[in-house]
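The lines below spell out each chain.
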Amino acid sequence: MRLACQPFTMNCKSDWPAAKLGVEQWQSKTYSLPMISAEELVGEEWAEWYRLTPAQRWTETSLLWQTYLSLGGSLDPEPDTQSPFFDAQAPCPVPADGRPGLRVIRRSGV
């Protein structure tokens, strides 16, 4: 991991460092902290996402939803069987392929 150091000046009016260094010395003291790149923290794909502006993220998200829906995704919520309003007899949506959700197992000797 490569760390880059960037100097910064700390401007603090706190009393505790002033007792050790004096207010003038404390206010003008420069510290160097290591800078870690976004790629090192979250990977290249997420770093690219974080660099987008909110408007760009909104546009990319809408494109992702269009792709999801075109691949057969649904915006219908999953049934919550723990909810007091859950009705097991209520009609449920038909899968996109029209088949039942469970696979039928053959019982014959084929």
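The structure displayed is predicted, hence computed values, not measured ones. Chains are numbered independently. Their residues run from 1 in the order of the written sequence. Local features in a predicted model are, by the rule used here, given only for residues with pLDDT of at least 70; side-chain atom pairs are given and counted only at 80 or more, and totals for whole chains, interfaces and linings are based on all residues. Only hydrogens and water are set aside when side-chain values are computed; all heavy atoms of the structure are taken into account.

Engineer: Teacher, can you tell me more about the overall build of the protein here?
Structural biologist: Looking only at helices and strands, the protein features five helices and two strands. Numbering goes from the N terminus for both helices and strands, where a helix is a DSSP run of H or I of at least four residues and a strand is a run of E of at least two. Reading the protein from its N end, one meets helices and strands in the order β-α-α-β-α-α-α. For every residue, the accessible area (1.4 Å probe, protein chains only) is compared with the maximum for its type, and the residue is labelled buried under 20%, exposed over 50%, or partly exposed between those bounds. Looking at the protein residue by residue over its 110 residues, the buried ones come to 4%. Residues are treated as being in contact if the distance between any of their heavy atoms lies within 4.5 Å. In the protein, of all internal contacts separated by at least 6 residues, the share reaching a separation of at least 24 is 38%. Just so you have it, the protein exposes about 10,500 Å², and 59% of that area is on carbon and sulfur atoms. Reported accessibility uses the Shrake-Rupley method at a 1.4 Å probe radius. Residues are deemed covered only where the shown protein chains occlude them.

Engineer: Sorry if this is basic, but what is going on with helix α5 (residues 54-70) here?
Structural biologist: What sets the pattern is the α-helix's 3.6 residues per turn: residues three or four places apart point alike. To estimate the expected span of a helix, count its residues, drop one, and scale the result by 1.5 Å. If you check α5, its first and last C-alpha atoms are 24 Å apart, about what 17 residues at 1.5 Å a residue would give, namely 24 Å. Downstream of α5 by one or two residues, Gly 72 has phi in the positive range, about 100 degrees.

Engineer: When you look at a negative patch on the surface in this model, what are you seeing that I'm missing?
Structural biologist: Where like charges cluster on the molecular surface, the negative patch consists of Glu 44, Glu 45, Glu 48 and Glu 60. The element that contributes the greatest number of residues to the negative patch is helix α4 (residues 44-51), accounting for three residues. Structurally, the position occupied by Glu 48 is in helix α4. Glu 48 gets classed as exposed once you look at its relative accessible area, which sits at 55%. Each patch groups residues whose relative accessible area exceeds 30% and which form no salt bridge, using 9 Å between like charges and 5 Å between nonpolar side chains of Val, Leu, Ile, Met, Phe, Trp and Tyr. Here, a salt bridge means any Lys or Arg side-chain nitrogen found within 4 Å of an Asp or Glu carboxyl oxygen. For the purpose of counting charges, residues Lys and Arg are taken to be positive, whereas Asp and Glu are taken to be negative. His and the chain ends are not included. Just so you know, the charge point we use is NZ for Lys, CZ for Arg, CG for Asp and CD for Glu.

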